[in-house]
Amino acid sequence: MTRPLHYDILIRGGTVIDGTKAPRFYADLGITGGHIAAIGHLEECSADEVIDASGRIVAPGFIDAHTHDDMALLVQPDMSFKISQGVTTVIAGNCGISAAPLRSDMELPMPLNLLDAPGGKRFRHFADYLAALRETPSAVNVAAMVGHSTLRVMAMESLDREATAGEIGAMQALVQEALDAGAIGMSTGTFYPPSVKATTEEIIEVGRPLTASQGLYVTHMRDEADQVMESLDETFRIGRELGIPVVVSHHKVQNTPNFGRSALTLPFIQEAMRHQCVSLDCYPYTAGSTMIRTDRGMLDGRVLIASSTPHPECAGRDLDDIAKEWGVAKDEAARRLQPGSAIYFLMDENDVQRILAFDETMIGSDGIPVGESPHPRLWGTFPRVLGHYSRDLGLFPLETAVWKMTGLTARNFGLAGRSTLKVGQAADVVVFDAASVRDTASYAAPIQAAAGIDTVIVNGVVAWRAGAHSGARSGQVLTRTPPQPKEAP
Ligand code: ZN
Ligand code: CU
């Protein structure tokens with residue numbers, strides 16, 4: 001077979017980190033028809049566009065293992081907050097909340113309303129949502145899950161109790177419908193008010209349709225503080241009873257009394273991995289972000305308001321200061337600011353580092369793409385891992401960092417045909433400068449594109465070039481390819 005001598009895009013002179021954790025090597029990379037056509041010495045070849053990558057790293061486009069981009073994909077389709085970091089694929093529908101299925105006449109409770117965006121639509125069927133993503137593609141690829149809290153809102157008259165057999169049946173039908181349409185699994189968020197009352201048994205029953213198609217069970221666990229071990233146990237049990245892989249979302253141990261407990265949770269996770277399919281993701285910050293809550297555990301530390309529907313002027317301010325100004329207690333101020341989102345400083349840096357460095361941990365931003373003052377993870381997660389944690393602190397080699405954002409993530413989510421740099425793979429590629437890559441988004445100024453990300457290519461089309469968006473929207477809807485069953489002996 002002769003190698004084609006002309007490519008659509010030729011990335012020349014770069015150092016390839018291929019997403020498998022293998023050591024880097026020098027190679028040119030040729031892209032044709034949206035796929036990687038050649039890797040090697042291609043100096044004889046020509047291309048419509050030649051990208052000089054000398055002194056740069058050439059890596060697979062990053063996969064954001066945990067996002068809330070469900071509606072942003074449709075209303076902010078340039079997805080600059082992701083593309084600018086080198087992210088080319090996002091997993092949507094996390095923490096029990098998904099954009100579909102929902103009826104247009106419904107009032108959405110917190111935190112489902114975090115997905116509601118101006119200009120956003122409602123989708124009665126999961127297939128309608130995926131069809132909209134296909135009709136109006138965004139700049140990134142997406143694989144989507146259906147959220148159990150969303151299903152509860154659809155199927156239940158009141159959420160302050162466990163589901164009845166009839167309601168479970170209705171939710172099962174919606175899970176099956178979502179899977180048939182192309183959902184890669186189901187997420188839960190039993191930490192959140194709409195699902196606090198859902199029992200383990202309810203989740204297992206609602207999740208029954210996942211077994212046949214080997215869909216994923218992905219969870220924002222019931223408790224990431226005092227009861228974190230019990231929550232892990234519940235998560236593993238659900239995975240075992242359904243015989244499906246589980247993903248522990250944004251693993252953390254929060255609140256001061258629990259600092260250091262990642263030394264217990266990680267061995268516990270590792271032990272479970274010996275018997276069943278378990279994976280986990282993490283974001284590289286000591287603060288989390290979610291809906292504005294009024295419970296003590298969440299209000300213990302510093303709280304920064306990210307967005308507030310009744311008081312948009314309070315975005316970016318400390319809850320303490322707002323409470324003082326209003327002459328009320330912190331929880332009362334929080335109540336008045338609802339609905340909205342906030343940033344909570346509840347973690348210890350040592351735990352964040354231990355979890356990030358755990359071999360099996362994927363990188364997921366958990367960014368919430370609403371408002372003017374989001375958590376900086378929305379724009380900074382991936383360059384922060386590459387720059388701050390891998391290069392500056394030496395927490396792990398760059399090859400490992402890239403693997404945690406690409407090959408590992410694709411394996412765990414069953415995304416076939418991309419995520420590593422190999423001939424034949426979809427051409428999702430990022431070119432970055434290992435010496436200067438860093439996050440610039442901060443709590444004070446969170447909307448900032450990263451430094452050091454030069455070029456981002458999605459399905460063979462340049463989406464980001466020299467610090468600016470190209471306007472390309474070449475993202476695709478991805479479905480899951482479950483691992484092949486082992487052959488009978
Ligand atoms: Zn969550
Ligand atoms: Cu989340």
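One can find the structure itself at the top, above this paragraph.
It should be emphasised that the depicted structure is a prediction, and the values quoted were computed from it without experimental measurement.

Visitor: Sorry if this is basic, but what is going on with the environment of Glu349 here?
Guide: Along the polypeptide, Glu349 turns up in helix α13 (residues 349–357). For Glu349, a relative accessible area of 29% corresponds to the partly exposed category. Separated by 13 residues in sequence, Glu349 and Met362 place their C-alpha atoms 17 Å apart. The residues touching Glu349, leaving out its near neighbours within four places in the chain, are Thr286 and Tyr389.

Visitor: Mind showing me how you'd approach the nonpolar core here?
Guide: Generally speaking, a soluble globular protein has its nonpolar side chains buried in company with each other. Core analysis: the largest hydrophobic core is formed by 99 residues, its most contacted members being Phe62, Phe126, Tyr129, Met186, Leu386 and Phe432. The element that contributes the greatest number of residues to this core is helix α5 (residues 165–181), accounting for 7 residues. Formed jointly, this core draws a minimum of three residues from each of two domains, domain 1 (6–59 + 422–438 + 445–469) and domain 2 (62–294 + 343–413). With residues near it in sequence (within four places) discarded, Tyr129 still touches Asp70, Leu73, Leu74, Ala99, Ala100, Phe123 and Ala144. Ile292, Ala342, Tyr344 and Leu346 belong to the second largest nonpolar core, which has 20 residues in total.

Visitor: Help me out: how do you make sense of the coordination of the copper ion (ligand 2) in this one?
Guide: The copper ion (ligand 2) binds to the protein through His66 (NE2), His68 (NE2), Cys95 (SG) and Asp366 (OD); the donor distances cover 2.1 to 2.3 Å. Around the copper ion (ligand 2) sit 4 donor atoms; with metal-centred angles ranging over 84 to 166 degrees, the donor geometry is irregular. Sequence spacing among the residues donating to the copper ion (ligand 2) works out to H-x1-H-x26-C-x270-D. Between the copper ion (ligand 2) and the zinc ion (ligand 1), both coordinated by Cys95, there is a metal-metal distance of 2.9 Å. Taken together, the residues span a long stretch of sequence, with Cys95 in the loop between β7 (87–92) and α3 (126–135) and Asp366 in the loop between β17 (361–363) and α14 (377–392) at a distance of 271 residues. For Asp366, a relative accessible area of 5% gives the class buried.

Visitor: Can you help me understand the coordination of the zinc ion (ligand 1) in this one?
Guide: Tetrahedral coordination by four donors places them ideally at 109.5 degrees to one another around the metal; octahedral coordination by six donors ideally gives 90 or 180 degrees. Every protein donor of the zinc ion (ligand 1) is accounted for by Cys95 (SG), His220 (ND1) and His250 (NE2), and the metal-donor separations fall at 2.0 to 2.2 Å. Sequence spacing of the donors to the zinc ion (ligand 1): C-x124-H-x29-H.

Visitor: What is the right way to read the sheet that holds strand β12 (residues 246–248) from this model?
Guide: Sheet strands pair by backbone hydrogen bonding; their relative direction is either parallel or antiparallel. Ordered by their spatial adjacency, 6 strands build an open sheet running β9-β10-β11-β12-β13-β17, and the pairing between neighbours is parallel. Pairing within the sheet leaves two strands with one partner each, and these edge strands are β9 (146–147) and β17. Sheet topology note: the β9/strand β10 (residues 185–189) ladder contains 2 bridges and is parallel. Its bridge partner lying in β10, Gly147 is registered against Ser187.

Visitor: Hey, could you run me through the side chain of Thr409 in this one?
Guide: Relative to the helices and strands, Thr409 is located in helix α16 (residues 407–413). Judged by its relative accessible area of 0%, Thr409 is buried. From its side chain, Thr409 meets the backbone oxygen of Lys404 in a polar contact 3.2 Å long. Ignoring any residue separated from it by four or fewer positions in sequence, one finds Thr409 in contact with Ile63, Ala65, Met362, Trp403 and Lys404.

Visitor: Would you mind going over the environment of Ser390 with me for this structure?
Guide: Assignment of secondary structure puts Ser390 in helix α14. Relative accessible area serves as the criterion here: at 7%, Ser390 is assigned to the buried category. Setting aside anything within four residues of it in sequence, one finds Ser390 in contact with Val385, Leu395, Phe396, Pro397, Leu398 and Ala401. At 2.9 Å, the side chain of Ser390 and the backbone oxygen of Phe396 are in polar contact.

Visitor: What should I look at first to understand the pairing of strand β2 (residues 25–32) in this one?
Guide: Working note: regular strand, side chains alternate between the two faces of the sheet. Both strand β1 (residues 6–16) and β2 contribute to a ladder of 6 bridges, which runs antiparallel. The residue bridging Leu10 from the neighbouring strand is Gly30, located in β2. Where β2 lies against strand β3 (residues 35–40), 5 bridges are found, and the strand directions are antiparallel. Residue Ile31 lies in a different strand from β3, and its bridge partner there is Ile36. Connecting β2 to the antiparallel partner β3 that follows it, the hairpin turn spans 2 residues, and Gly33 within it adopts a positive phi of roughly 60 degrees.

Calculation notes
- Residues numbered from 1 in each chain as written.
- Chains lettered and ligands numbered in written order.
- Predicted model: local features only at pLDDT ≥ 70, side-chain atom pairs only at ≥ 80, totals over all residues.
- Heavy atoms only, no water.
- Helix = DSSP H or I, 4+ residues; strand = E, 2+ residues; numbered from the N terminus.
- Buried < 20%, exposed > 50% of the residue type's maximum accessible area, 1.4 Å probe, protein only.
- Contact = heavy atoms within 4.5 Å.
- Core = buried A, V, L, I, M, F, W, Y, C linked by side-chain atoms within 4.5 Å.
- Domains from an automatic or database assignment.
- Donors = N, O, S within 2.8 Å, 3.2 Å for Na, K, Ca; no water.
- Tetrahedral: all angles 85-135°; square planar, octahedral: opposite > 155°, others 65-115°.
- Pairing = 2+ DSSP bridges.
- Polar contact = N/O pair within 3.5 Å; in protein donor to acceptor, adjacent residues only side chain to side chain.

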